Structure formats: C-alpha cells, structure tokens
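# Structural features, examined
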Amino acid sequence: MSRADRARVGAYGAAAYGAAACAAAYGSMKLAQALGANALADKDPLPPELRELLLARDPLFVASHWLLAGAAVVGVIVALATVRPWGAAFPRRLLLAIAWTLGVFMIARSIGMVGFGFVGDALLLSGVRPPPAEHAALARDLARWDLLLWSPFFLLWGACWTMAGWRLGRRGPS
C-alpha cells in the first residue's frame, strides 16, 4: 500500500484491515479444524456434551467448521470492500449493515451478553456463579481461556468492525 493510500485510509480504514485480519485468523483456525487439526478446539467454551461432540469430530461440527471458514472468507472480502476502491461495486447499505451487525454481536459476545464473555467468566471464576459440580474444573479452565483469549479477540474484532462501519457511514454515498 502506498503512502498516499495509507494516509487516505487512516485509523478507521486500518480498522477494516484489522477486521479482515481477524476474519482471516479465525477462518484459518476453522479451516484447520475442518481438516482435522485440534487448533484450539479443546479451548472452545462449550457445554461438556457439545464439547465431546466437537472433539470427537461429529459430522455436524465438521460441517459447521467448513461453513465458518467460508463465512470468514466472506468477512475478509466485506471488510476490505469498506476501504478498497473495488468495494464501490457492493451496495453501501449492505456493507454498513454487515459491519455494524457483526461489530455489535462480537462486542456483545465478548462482554457476555450472549452467554460467554468477560462478565460470565468473571462470575464463574470468582465463585458468584458456581460451575456445574460434575464439570467444575473443566468449566473453570474454559472460563480462563475465554477470559484471556476468546473474549479479548472478539472484542478486538468487534471494535474493528464497528470502526469500519463508522468510517463507511461517515464517508458519504458512493
């Protein structure tokens, strides 16, 4: 990218590249899982019965990994479309809706409004919300992983999406 392009893009444009990079990283992990690698699958904060299916490579989970890898490719394209000239070929309102929806959902997930996140993990680890007795050690381990890896990742990714949406919305009609 040339110096003129970097100046034109600015911080909000950099957020679009951040959203694309996060989508690529997430998609790479899901692709690796679809192809049979563990790739942090054992750190996924799922209920024990779903976790067992995931680790046993249940066909439904394998299919979901392929779908998520494909969705991540679409996410990379959408994120880049918010800042690259070829993105003008896409309906601006559609790009705005996708960026804002993904951003808000990912931030809500990281905070804990959809079951996982900083709030739920902190409540579980502090003992305010006790884990299931039969899976207490596993629940605490997964809450730590979520608190230190997944929630910050989704917060960063969601912030990138919302900043990209903000920039696109302020840019004016294309």
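Just above sits the structure.
What counts, and at which threshold
- Residues numbered from 1 in each chain as written.
- Predicted model: local features only at pLDDT ≥ 70, side-chain atom pairs only at ≥ 80, totals over all residues.
- Heavy atoms only, no water.
- Helix = DSSP H or I, 4+ residues; strand = E, 2+ residues; numbered from the N terminus.
- 1 Å grid on protein atoms, 1.4 Å probe; cavity = no way out; pocket = protein on both sides within 12 Å on 5 of 7 lines; lining within 4 Å.
- Points joined across faces, edges and corners; volume = space filled by probe spheres on them.
- Nonpolar A, V, L, I, M, F, W, Y, C, P; charged D, E, K, R; others polar.
- Core = buried A, V, L, I, M, F, W, Y, C linked by side-chain atoms within 4.5 Å.
- Buried < 20%, exposed > 50% of the residue type's maximum accessible area, 1.4 Å probe, protein only.
- Contact = heavy atoms within 4.5 Å.
- Axes fitted to C-alpha atoms, helices over the stretch in contact; angles between N-to-C directions.
- Parallel < 35°, antiparallel > 145°, perpendicular 65-115°, else oblique.
- Left-handed = near helix turned anticlockwise from the far one by under 90°.
- Expected span 1.5 Å × (residues − 1).
- Bend = angle between axes of the 7 residues up to and from the residue.
- Arc of directions from axis to C-beta.
- Salt bridge = Lys/Arg side-chain N within 4 Å of Asp/Glu carboxyl O.

Non-glycine residue Leu40 carries a positive phi angle of around 70°. Phi angles above zero are rare outside glycine, and Arg57 is one such case at about 60°. Along the chain, the position of Arg57 falls in the loop between helix H2 (48-55) and helix H3 (59-81).

Moving on, we come to the environment of Gly165. Looking at the secondary structure, you find Gly165 in helix H6 (residues 136-170). Taking the C-alpha atoms as reference points, Gly165 and Val104, separated by 61 residues in sequence, lie 11 Å from one another.

This brings us to the layout of surface pockets. Looking at the largest pocket, its volume works out to about 630 Å³. Lining the largest pocket are 28 residues, and of these Tyr26, Lys30, Leu68, Phe105 and Phe154 sit closest to its centre. Counting only elements with at least two residues in the lining of the largest pocket, the list comes to helix H1 (3-34), H3, helix H4 (92-111) and H6. Top element by residues in the lining of the largest pocket is H3. It accounts for seven residues. The residue makeup of the lining of the largest pocket, split by class, is 21 nonpolar, four polar and three charged. Of the pockets and cavities examined, the second largest pocket occupies roughly 290 Å³.

Formed by 20 residues in total, the largest nonpolar core has its most connected members in Ala19, Tyr26, Phe153, Phe154, Trp157 and Trp161. Counting only elements with at least two residues in this core, the list comes to H1, H3, H4 and H6. Counting residues per element, this core draws most heavily on H6, at seven residues. Contacts of Tyr26, omitting those with residues within four sequence positions, involve Leu68, Phe153, Phe154 and Trp157.

This paragraph deals with the packing of H4 against H6. One can describe the packing of H4 onto H6 by two numbers: an axis separation of 7 Å at closest approach and a directional angle of 155°. By the criterion of interaxial angle, the relationship of H4 to H6 is roughly antiparallel. Here H4 and H6 pass one another in a crossing that is left-handed. By residue class, the composition of the contact of H4 with H6 is 16 nonpolar, seven polar and three charged.

With that settled, the discussion passes to the side chain of Arg167. Positionally, Arg167 belongs in helix H6. Looking at Arg167, the relative accessible area reads 13%, which means it is buried.

For H6, with 35 residues, the first-to-last C-alpha span of 48 Å sits near the 51 Å given by 1.5 Å per residue. Taken as a whole, H6 carries its principal kink of about 45° at Asp146.

Quick look at H2 now. Since one α-helical turn is 3.6 residues long, residues separated by three or four positions face the same way. Taken together, the buried positions of H2 are Pro48, Arg51 and Leu54. Buried residues along H2 cover an arc of 115° about the axis, so they all sit on one side. Of the exposed residues in H2, the ones pointing more than 90 degrees away from its buried face are Glu49 and Glu52. Phi turns positive, to about 60°, at Arg57, one or two residues after H2.

Here we take up the pattern of salt bridges. When the charged atoms of two side chains with opposite charge come close together, those side chains can pair. Applying the stated rule across the entire model yields two salt bridges. Across the pair Lys43 and Asp42 runs a salt bridge, and its minimum N-O distance is 3.3 Å. For the residue pair Lys43 and Asp42, the accessibility class agrees, reading buried in each case. Residues Asp146 and Arg109 are paired through a salt bridge, measuring 2.7 Å at the closest nitrogen-oxygen approach. In this pair, Asp146 is assigned in helix H6 and Arg109 in helix H4, connecting sequence segments 37 residues apart. Judged by its relative accessible area of 0%, Asp146 falls in the buried class.

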